[in-house]
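The primary structure of each chain is shown beneath.
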Amino acid sequence: MKTVTLPDGAKIPALGQGTWCLGDNPETRDAEIEALREGIRCGMTLIDTAEMYGGGRSERLVGQAIVDCRDDVFLVSKVSPGNTSKQRLIKSCENSLQRLGTDHLDMYLLHVPGSAPYSETIEAFEQLRDDGKIARFGVSNLDLSEIQNFVDAPGGDSVQVNQLLYNLNQRGIAWDLLPWLQERGIGMMAYSPFDRQAVIRNEGLIAFARARHITPAQTALAWLLDQDRVIPIPKASHPERTADNAGALDVRLDPDDHAELDRLFPAPSGPEPLGIY
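Residues numbered from 1 in each chain as written. Predicted model: local features only at pLDDT ≥ 70, side-chain atom pairs only at ≥ 80, totals over all residues. Heavy atoms only, no water.

(A) How the structure looks around the environment of Q170. Along the chain, the position of Q170 falls in the loop between strand 7 (161-165) and helix 6 (177-183). By relative accessible area, Q170 is classed as partly exposed at 28%. Separated by 51 residues in the primary sequence, Q170 and S119 place their C-alpha atoms 31 Å from one another. The contact partners of Q170, leaving out residues within four places of it in the chain, are L165, D195 and Y277. (Helix = DSSP H or I, 4+ residues; strand = E, 2+ residues; numbered from the N terminus. Buried < 20%, exposed > 50% of the residue type's maximum accessible area, 1.4 Å probe, protein only. Contact = heavy atoms within 4.5 Å.)

This is how it looks when you write it as structure tokens:
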């Protein structure tokens, strides 16, 4: 498994698993759990979730999926923007740990900026880290100015990742934010790598993938995996889809392939507002 090294030296899988909307439908619960477990078997041991996902239903499903393999998983969750004050953040983390059935998170993220100042949020992260409830912290959905403000706050330079919307269709962060993160060694977790299926239903990408005997999903993920410190976290509801996603690790795109993908999905020509789902 390809890995990405975080600023604190930890090596994490370069291809993980997202869980947005997983756990919402009792009828598909078993398949979703098996999809996560298939990902773990394939080496996609980074699992990302959030208290916001289904009001905790996603975390409960993840907890069930990893009940007998917690030590094999790099577990990430996120605190909601309404819980970013010190007291509420610490309580939110404890609630997430209970739903997940574990005593610690490998990384805890600020989901989106909240009303509390970054200094207070960071102080809560640091206390959780000192108490052994999280190993490290990061952020999500912070644009360039916000991540700069976060890093400039006391203790903010310990941030490990920024989780962002990034895929072949949504490339705005490649203009300024992604290079800024890469220059500082900060990881970038790419959520919605298929742009809600829009990427993998693109006729040009389908033809591109067919000509190379790979799938559109593998193409989209391989493009992300080729970029420095980018960690795609695709969601899959069925184990077959998870296994297909894992196949992206064996795909090699050459310079001509990248040029063709740039033609199909043009890079940004200037700064763009941060996209958020």
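(B) Structural context of the state of the cysteines. As enumerated under the stated definition, the model contains zero disulfides in all. Between C93, a cysteine without a disulfide, and C69, which holds the nearest cysteine sulfur, the sulfur-to-sulfur distance is 20 Å. (Disulfide = S-S within 2.5 Å.)

(C) Seen up close, the pairing of strand 4 (residues 74-79). Of all six residues that make up strand 4, six are buried, and the element is covered over most of its length. Burial along strand 4 is two-sided: the residues F74, V76 and K78 and L75, S77 and V79 are all buried. Bridge analysis of strand 3 (residues 46-48) against strand 4 gives three bridges, and the strand direction is parallel. The residue of strand 4 that forms the bridge with L46 is F74. A crossover links strand 3 with its parallel partner strand 4, the connecting element being helix 2 (residues 57-65), and its sense is right-handed. As a crossover connection, the stretch from strand 4 through helix 3 (residues 86-100) into strand 5 (residues 107-110) is right-handed. (Pairing = 2+ DSSP bridges. Right-handed = clockwise from strand over helix to strand, strands pointing away.)

(D) Quick look at the packing of aromatic side chains. The final tally for this structure, using the stated rule, is five aromatic pairs. Taken together, a centroid distance of 5.2 Å and an interplanar angle of 65° make the contact between Y118 and F150 edge-to-face. Within this pair, whereas Y118 is found in helix 4 (residues 118-130), its partner F150 is found in helix 5 (residues 144-152), the two being separated by 32 residues in sequence. For the pair Y118 and F150, one class covers both residues: buried. Relative to F150, the ring of F137 has its centre 6.4 Å away and its plane inclined at 65°; by these criteria the two rings are edge-to-face. (Phe/Tyr/Trp six-rings, centres within 6.5 Å; stacked < 30°, edge-to-face > 60°.)

(E) Spatial organisation of the layout of surface pockets. Considered as a void within the structure, the largest pocket measures approximately 560 Å³ in volume. As for the largest pocket, its lining consists of 28 residues, of which W20, Y191, S192, R196 and K235 are closest to the centre. Residues belonging to the lining of the largest pocket are distributed by class as follows: twelve nonpolar, ten polar and six charged. Counted as a void, the second largest pocket has a volume near 190 Å³. (1 Å grid on protein atoms, 1.4 Å probe; cavity = no way out; pocket = protein on both sides within 12 Å on 5 of 7 lines; lining within 4 Å. Points joined across faces, edges and corners; volume = space filled by probe spheres on them. Nonpolar A, V, L, I, M, F, W, Y, C, P; charged D, E, K, R; others polar.)

(F) Representation of the packing of helix 7 (residues 203-211) against helix 10 (residues 255-264) in the model. Direction vectors running N to C along helix 7 and helix 10 enclose 165°, while the axes themselves pass 10 Å from each other. In terms of orientation, helix 7 lies roughly antiparallel with respect to helix 10. When you trace helix 7 past helix 10, the crossing you get is right-handed. Residues G204, L205 and F208 of helix 7 form the contact with helix 10, whose participating residues are D257, E260, L261 and L264. Of the residues belonging to the contact of helix 7 with helix 10, the class tally is four nonpolar, one polar and two charged. (Axes fitted to C-alpha atoms, helices over the stretch in contact; angles between N-to-C directions. Parallel < 35°, antiparallel > 145°, perpendicular 65-115°, else oblique. Left-handed = near helix turned anticlockwise from the far one by under 90°.)

(G) Representation of the environment of Y277 in the model. Along the chain, Y277 turns up in the segment after helix 10. Y277 gets classed as partly exposed once you look at its relative accessible area, which sits at 35%. Spatially, the C-alpha atoms of Y277 and L165 are 7.2 Å apart, while their sequence positions differ by 112 residues. A distance of 2.4 Å separates polar atoms of two side chains, one belonging to Y277 and the other to D195. (Polar contact = N/O pair within 3.5 Å; in protein donor to acceptor, adjacent residues only side chain to side chain.)

(H) A look at the pattern of salt bridges. All told, the structure shown has 16 salt bridges when counted by the stated rule. Here R212 ties to D257 by a salt bridge, and the two come within 2.8 Å at their closest N and O atoms. Here R212 is found in the loop between helix 7 and helix 8 (216-225), whereas its partner D257 is found in helix 10, with 45 residues between them in sequence. Of the residues examined, D257 reaches a relative accessible area of 9% and is grouped as buried. We note a salt bridge from E260 to R263, for which the minimum N-O separation is 2.7 Å. Here E260 and its partner R263 are both found in helix 10, three residues apart, which amounts to about one turn of the helix. (Salt bridge = Lys/Arg side-chain N within 4 Å of Asp/Glu carboxyl O.)

(I) The arrangement of the side chain of D244 in detail. Looking at where D244 falls in the secondary structure, it is placed in helix 9 (residues 239-246). R241 provides the closest opposite charge to the buried, salt-bridge-free D244, at an N-O distance of 5.2 Å. (Lys, Arg positive; Asp, Glu negative; His and termini not counted.)

(J) Just the side chain of H111, in detail. By relative accessible area, which is 7% here, H111 ends up buried. If we ignore the near neighbours within four places in the chain, the residues touching H111 are A50, M52, Y53, K78, V79, S80, S140 and N141.

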